[in-house]
Amino acid sequence: MAGLRAKQKADKTRRILDAAATLFRQQGYDSARIEAIAEMAEVSVGTLYNYYQNKGDILVATVAMEVTEVLEGGARIVANPPLDVAEALRTLIAQYYDHSLVYLSKEMWRTAMAISIQQPETPLSRRYTELDGQLSAQVVRLVETLQARGVVHAGVDAKAMGEVFFNNLNMMFIEFCKVDAMPLEELKARVEAQHAPIARLISTVKIV
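(A) Inspection of the pattern of salt bridges at higher detail. Within this structure, the stated rule accounts for 13 salt bridges. Among the salt bridges present, the one from Asp11 reaches Arg15, with a minimum N-O distance of 2.4 Å. Note that Asp11 and Arg15 are positioned in helix H1 (residues 2-27) at a spacing of 4 residues, about one turn of the helix. Asp11 sits in the partly exposed class, given a relative accessible area of 39%. The partner of Glu175 in a salt bridge is Lys178, with the nearest N and O atoms 3.1 Å apart. Of this pair, Glu175 and Lys178 both sit in helix H8 (residues 158-178), 3 residues apart, which is roughly one turn of the helix. Look at the salt bridges and you will find they share partners, linking Arg14, Asp18 and Glu69 into a network.

(B) Structural context of the side chain of Glu66. Locating Glu66 in the fold gives a position in helix H4 (residues 55-79). In this structure the side chain of Glu66 is engaged in a polar contact, spanning 2.6 Å, whose partner is the side chain of His99. The residues touching Glu66, leaving out its near neighbours within four places in the chain, are Tyr96, His99, Ser100, Tyr103, Leu104 and Trp109.

(C) Region of interest: the packing of helix H5 (residues 85-99) against helix H7 (residues 123-148). One way to put it is that H5 packs onto H7 with a least axis distance of 11 Å and a crossing angle of 155 degrees. As judged from the angle between their axes, H5 and H7 are roughly antiparallel. Here H5 and H7 pass one another in a crossing that is right-handed. For the pair formed by H5 and H7, the contact residues are Val85, Ala88, Leu89, Leu92 and Tyr96 on the first element and Leu135, Gln138, Val139, Leu142 and Leu146 on the second. Along the lines of polarity and charge, the residues of the contact of H5 with H7 split into 9 nonpolar, 1 polar and no charged.

(D) Here's a closer look at the packing of H5 against helix H9 (residues 184-202). Contact geometry of H5 with H9 gives a least axis separation of 9 Å together with a crossing angle of 150 degrees. Between H5 and H9, the angle is such that the two are roughly antiparallel. For the crossing formed where H5 meets H9, the hand is right-handed. For the pair H5 and H9, the contacting residues are Val85, Ala86, Leu89, Arg90, Ile93, Ala94, Tyr97 and Asp98 in the first and Leu184, Leu187, Lys188, Val191, Glu192, His195, Ala199 and Ile202 in the second. A class-by-class count of the residues in the contact of H5 with H9 yields 11 nonpolar, 1 polar and 4 charged.

(E) Here's a closer look at the nonpolar core. Among the nonpolar cores identified, the biggest contains 69 residues, and Phe24, Ile37, Ile58, Tyr97 and Leu187 are the most heavily contacted of them. Looking at this core, the elements with two or more residues in it are H1, helix H2 (34-41), H4, H5, helix H6 (106-118), H7, H8 and H9. Among the elements that take part in this core, H4 stands out by supplying 12 residues, more than any other. Apart from the residues within four sequence positions on either side, Tyr97 is in contact with Leu169, Met172, Phe173, Leu184, Leu187, Lys188 and Val191.

Parameters at a glance
Residues numbered from 1 in each chain as written. Predicted model: local features only at pLDDT ≥ 70, side-chain atom pairs only at ≥ 80, totals over all residues. Heavy atoms only, no water. Salt bridge = Lys/Arg side-chain N within 4 Å of Asp/Glu carboxyl O. Helix = DSSP H or I, 4+ residues; strand = E, 2+ residues; numbered from the N terminus. Buried < 20%, exposed > 50% of the residue type's maximum accessible area, 1.4 Å probe, protein only. Polar contact = N/O pair within 3.5 Å; in protein donor to acceptor, adjacent residues only side chain to side chain. Contact = heavy atoms within 4.5 Å. Axes fitted to C-alpha atoms, helices over the stretch in contact; angles between N-to-C directions. Parallel < 35°, antiparallel > 145°, perpendicular 65-115°, else oblique. Left-handed = near helix turned anticlockwise from the far one by under 90°. Nonpolar A, V, L, I, M, F, W, Y, C, P; charged D, E, K, R; others polar. Core = buried A, V, L, I, M, F, W, Y, C linked by side-chain atoms within 4.5 Å.

This is the structure we're talking about:
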């Protein structure tokens, strides 16, 4: 019975988040109403409020759903990365970026970022920061894996280097979200160009 209840809860949660993502895209975050989200998700407003206190909670839960799926895909890459620093970074970052607009629009990302900055002590903001930390840790693990396999110089501080790569890809993603006209391919190309010189410096394999 407990398993059935958990399955029903997960199903309702997913329906709420899918409905919210659809309406946030169609109407904009500010215009989308809780009542409309509940109606599209086929749950009562009361049920929705049992899961989420407000639209901000729903938005961050959508971000969490997105990041969870990204981390799952990233884990497979980290477990068996290309044995070339630049290529490994490119593969992992493409996994992040290509999934970034599956559930969220740029406007939704901007709103989530703004909430996390404006309300830094709220559970919502702390959750957003925690998700960023998980992504950063995964990039660190990629560098550590490459180092363990002899592709990155042994003297490189893998944690610091992974954080540098993540901080840059994250900052560039913020710039991407600020410019509605910028396509994903431009974002990926710019980040790849920025990472290439560092990848060459830390790599044990010298490309002529």
